[in-house]
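What follows is the residue order along each chain.
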Amino acid sequence: MDYVSLDPDRRQALRMMSAGLMGAGLAGCADLIPQGVGLALLPNPLTDPAVFNFALNLEYLEAEYYRRGLYGQGLPAELIGPAPGPVLGGRQVPFRTPWIREMLAEFTEDETAHVRFIRQTIAASPLIEISRPAIDLQTSFRLLGRQAGLGADFDPFRDEESFLLGAFIFEDVGVTAYAGGADLIADDDSIEAAAGILAVEGYHAGAIRATIAEMGPRMVAAADGISRARAAAESPNNRRPNRSSVITTLAKEQPISAGELFPGEVVIAPTDPQGRSFPRPPQDVLNIVYLNPDKNARRGGFFPQGVQGVVRHALNANSSRSA
Amino acid sequence: MERIDQDRRALFGFTTGEAALAAMGAVAASTAFPLGEAVAQQAESATDIDIVNFQLNLEYLETDYYLRGSMGMTADQVLGGSQGAPVKGGRKVRFSSPVREGMIRNIAGNEVAHVRFAQAITGARAIRRPPIDFDAGFAAVAAAAGIANFDPFASEMDFFLGGMLFEDVGISVLKGSARKLRSLSLRESAAGLLGSEGYHMGAVRSVIYKMGEPARSRAAAISELRDRLDGPQDLDQPPVKVGNMANIVPTNENGIVFGRTPQHALNIAYGKPGKGIMAGGFFPEGVNGRIRVT
């Protein structure tokens, strides 16, 4: 479709119409087809922006987390859309170690750039880029703190160690979400962009793991608790036997202390036996960020009103295909 | 050894010009029969195999690098049986802590898995390991980049730098190849490989950054060398401080990693810029497979 010759308002109206039609079609199907049957969301150029919108939810979460921790304020108004949800919690972290602050400031800029880039990518399509969903950076971490054994008062903004653990929660999930989206994307430019963002999330997550590992056994134990909590929130169908026998039922997780091949391994890269980072279907990603293993969960945890996007229900149903 | 010899014959019997003509022929064939599904599929699957085989060369290099450095073992010992041509150089590194050694062992384990996986995908068409020379490769890098006493197996710092030298490049090639893969399941696997290599480099580059000087300056020299070798575009960034920020992740203004072609990667591995380079640096007789010339 070519909107170049249309005036902006008409173009916007057309985009909203087609996005609405597409959303009604896909979401409608999802309601009709029971989960487990597996709605085929076949990759095509029209569904690509819907997949990007799903990813945009996670980028908003990461960007708001990092920006509040580093600068004490969130994303600028031009990046959060016309109907942004509120953000609860988050404040500037009292960093003690300059190199750690400098590294996390870089990650903050990367995540902000991802929000900007994905919004622009979707804006160039028939779909509307979502506004920032409502985000909870306070009660969510307390709930996760209980689930992960970090204590019910877990506050990632308290100090740099806590902030690294908070980053650890998101970055691993970001990698798996992009890996799980790789076969949902059709357009060549889109697949290359998604691959490029996936790699960046990988760099971030590897750096965070290495930094935590060098901080000693207590930090590693805390991160391993988070890995176990994430595993508990995702589909039981994804569970695999784990050769280490340290932790027997982890699905798409490999805790820092759970090396599987050589003695003394420090797991800076969680992978399957083929050495690939795990792909997570959207449903599993949602269960983790909702902090709720219920497959019918529609909101909760970091997204108190759920993620945004017209095909989130269709993506939910589709997830059974990749499981 | 028979398969290597075949590869070598193919290598030396196949000039750059012929390779270019063959490539043009393949493109012409696929455009001449736009509706010929069978023809197109054959061409496409061959392309996927070529891409995976190219990546396998880099995985062989990385596997022996990390295995020798962290375990004092060779890929042939771990994988059981000869994987191809000999590997020269490399020995166990003395790490400053069990955690740093454990990180590198984790990477080594992943690389072993990548070799097995790429071999499984390509099956009977899997390339054998080409001859690899760490001694000559690193000596060339040290001279070209002007890094004094650069010896990755003699110092923990240089070992992390050597890992960065290879693996940032592997990531950019995987990123650049993403659009070329036709198989959807292969795209998902390539994404998984990209993810894991990203993890490796995030860990390695953050440690280099944490080390401060002279690690950062040496990393900058390596980045500068890669940029000189791989053509006019700026596709590289070192883990140094920029303004008030680190630069752990080499990215463009959109927060996306750079893409490289296999030819860019060969320029870096062979240690020579420009077109028509067939061997050198870490691969004294060139890489194996159909993608082997810059």
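Before any of the text, the structure's been laid out above.
Quick caveat, the model's predicted, so the values are computed rather than measured.

Participant: Which parts of the structure should I look at to understand the overall build of chain A?
Facilitator: Of the regular secondary structure elements, chain A holds nine helices and two strands. Each helix and strand of chain A, ordered N terminal to C terminal, gives the series α-α-β-α-β-α-α-α-α-α-α. A buried classification covers 57% of the 323 residues belonging to chain A.

Participant: Explain the overall build of chain B here, please?
Facilitator: Check the secondary structure of chain B and you find 10 helices and two strands. Listed by position from the N terminus, the elements making up chain B come as α-α-α-α-β-α-β-α-α-α-α-α. A total of 294 residues make up chain B; the buried ones form 55% of that total. Residue pairs in contact within chain B that sit at least 24 positions apart in sequence constitute 68% of those at least 6 positions apart.

Participant: In this structure, what is going on with the interface of chain A and chain B? I would like to understand it.
Facilitator: Accessible area lost during the coming together of the parts is what is often quoted as the interface size. Facing the 52 residues of chain A at the interface are 55 residues of chain B. For the side of chain A that touches chain B, the element with the most residues is helix 6 (residues 188-214) of chain A, which contributes 21 residues. Of the residues in the side of chain A that touches chain B, the class split is 29 nonpolar, 12 polar and 11 charged.

Participant: What am I meant to see in the environment of B:Phe282 here?
Facilitator: Residue and element names in this part refer to chain B. Tracing the chain through its elements places Phe 282 in the segment after helix 10 (262-270). Look at Phe 282 and you get buried, because 29 C-beta atoms sit within 10 Å. Sequence-wise, Phe 282 and Val 52 are 230 residues apart; in three dimensions their C-alpha atoms are separated by 19 Å. In this structure, Phe 282 is in contact with Leu 61, Ile 132, Asp 133, Phe 134, Gly 137 and Ala 269, ignoring residues within four places of it in sequence.

Participant: Explain helix 7 (residues 217-233) of chain A to me, please; I cannot follow it from the model alone.
Facilitator: Each α-helix winds once per 3.6 residues, and so residues spaced three or four apart point in a common direction. Residues and elements named next belong to chain A. Its 17 residues place the ends of helix 7 24 Å apart at the C-alpha level, agreeing with the 24 Å of an ideal helix rising 1.5 Å per residue. Regarding helix 7, the residues found buried are Val 220, Ala 222, Ala 223, Asp 224, Ile 226, Ser 227, Ala 229, Arg 230, Ala 231 and Ala 233. On its buried face, helix 7 sits against helix 4 (139-148), helix 5 (160-181), helix 6 and helix 8 (282-289).

Participant: Where do I start with unusual backbone geometry in this structure?
Facilitator: Excluding glycine, residues mostly have negative phi values, and the peptide bonds linking residues are mostly trans. All names here are of chain B. Between Glu 213 and Pro 214 the backbone carries a cis peptide bond, its omega angle lying at 5°. Structurally, Pro 214 can be placed in the loop between helix 8 (184-211) and helix 9 (215-229). The backbone of Asn 149 sits at a positive phi, close to 50°, despite the residue not being glycine. With respect to the helices and strands, Asn 149 occurs in the loop between helix 6 (134-145) and helix 7 (156-177).

Calculation notes
- Residues numbered from 1 in each chain as written.
- Chains lettered and ligands numbered in written order.
- Predicted model: local features only at pLDDT ≥ 70, side-chain atom pairs only at ≥ 80, totals over all residues.
- Helix = DSSP H or I, 4+ residues; strand = E, 2+ residues; numbered from the N terminus.
- Buried ≥ 20, exposed ≤ 12 C-beta atoms within 10 Å, placed from the backbone.
- Contact = placed C-beta atoms within 7 Å.
- Nonpolar A, V, L, I, M, F, W, Y, C, P; charged D, E, K, R; others polar.
- Expected span 1.5 Å × (residues − 1).

That is the geometry; function is a separate question.
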